[in-house]
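Fold and contact review
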Amino acid sequence: VSVSRAIKPFAEPGRPPDWFSQKHCASQYSELLETTETPKRKRGEKGEVVETVEDVIVRKLTAERVEELKKMIKETQEKYRQLKKDAELIQAGHMDNRLEELCNEIMMWVV
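Keep in mind it's a predicted model, so treat the numbers as computed, not measured. (Residues numbered from 1 in each chain as written. Predicted model: local features only at pLDDT ≥ 70, side-chain atom pairs only at ≥ 80, totals over all residues. Heavy atoms only, no water.)

**Some words on the overall build of the chain**
Each helix and strand in the chain was counted, giving 4 helices and 0 strands. Scanning the chain from its N terminus toward the C terminus, one meets helices and strands in the order α-α-α-α. By its C-alpha atoms, the chain is 75 × 35 × 20 Å across when sized along the principal axes. Burial analysis of the chain (111 residues in total) assigns 9% to the buried set. Summarising the internal contacts of the chain: among those between residues at least 6 apart in sequence, 14% fall at separations of at least 24. Split by element, the accessible area of the chain, about 10,300 Å² in all, is 57% carbon and sulfur. Positive and negative side-chain charges in the chain, numbering 20 and 21 respectively, have mean positions lying 6 Å apart. (Helix = DSSP H or I, 4+ residues; strand = E, 2+ residues; numbered from the N terminus. Buried < 20%, exposed > 50% of the residue type's maximum accessible area, 1.4 Å probe, protein only. Contact = heavy atoms within 4.5 Å. Areas by Shrake-Rupley, 256 points an atom, 1.4 Å probe, with all protein chains shown as cover. Lys, Arg positive; Asp, Glu negative; His and termini not counted. Charge placed at Lys NZ, Arg CZ, Asp CG, Glu CD.)

Quick look at the structure:
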């Protein structure tokens, strides 16, 4: 219960209501455990840190999320550059014939 409640505020839009149920969280975690390779234990000195399955899962999911965020940043930067270019063209008067069309596009984003 505590895990499902703790991650609920981080929900992505469009998730079904039962996405954060105990049963669904348990099945997702079980699937992660099944699809993750178990790290091989190393023989070594006492006190040596051995990587656990949970560590592998955290590292994998963190890397995936970092890639998602990088992609989102890149898309946002591209959109910003395009909007900035459009704003400069509008201020220069080069887009006067398309102003009504641009206003309609903006209204579609807002709604």
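**Observations concerning a nonpolar patch on the surface**
A cluster of nonpolar side chains, contributed by Leu 83, Ile 106, Trp 109, Val 110 and Val 111, occupies part of the molecular surface with about 570 Å² of accessible area. Of the residues forming the nonpolar patch, the biggest block, 3 residues, is contributed by helix 4 (residues 99-110). The exposure class of Val 111 is exposed, given its relative accessible area of 86%. (Patch = residues over 30% accessible without salt bridge, like charges linked within 9 Å, V, L, I, M, F, W, Y side chains within 5 Å. Salt bridge = Lys/Arg side-chain N within 4 Å of Asp/Glu carboxyl O.)

**With respect to the packing of helix 2 (residues 22-35) against helix 3 (residues 53-92)**
Remark: helix 2 packs on helix 3, axes separated minimally by 10 Å, with the N-to-C direction vectors making an angle of 100 degrees. Taken together, helix 2 and helix 3 sit at an angle that is classed as roughly perpendicular. Together, Tyr 29, Leu 32 and Leu 33 of helix 2 and Val 53, Glu 54, Ile 57 and Leu 61 of helix 3 make up the contact between the two elements. (Axes fitted to C-alpha atoms, helices over the stretch in contact; angles between N-to-C directions. Parallel < 35°, antiparallel > 145°, perpendicular 65-115°, else oblique.)

**Looking at the side chain of Thr 36**
Positionally, Thr 36 belongs in the loop between helix 2 and helix 3. The exposure class of Thr 36 is buried, given its relative accessible area of 9%. Of the polar contacts made by the side chain of Thr 36, one reaches the backbone oxygen of Leu 32; its length is 2.6 Å. (Polar contact = N/O pair within 3.5 Å; in protein donor to acceptor, adjacent residues only side chain to side chain.)

**Description of the pattern of salt bridges**
The full count for this structure, using the stated rule, is 4 salt bridges. A salt bridge links Glu 101 to Arg 98; the shortest N-O distance between them is 3.4 Å. Owing to a relative accessible area of 40%, Glu 101 belongs among the partly exposed residues under this scheme. Arg 98 is the salt-bridge partner of Glu 105, the closest N and O atoms lying 4.0 Å from each other.

**With respect to the environment of Thr 62**
Summarising the element assignment, Thr 62 is placed in helix 3. We classify Thr 62 as partly exposed; its relative accessible area is 43%. Among the polar contacts made by the side chain of Thr 62, one reaches the main-chain carbonyl oxygen of Val 58 at a distance of 2.6 Å.

In short, the description is geometric, and any link to function would need to be established separately.
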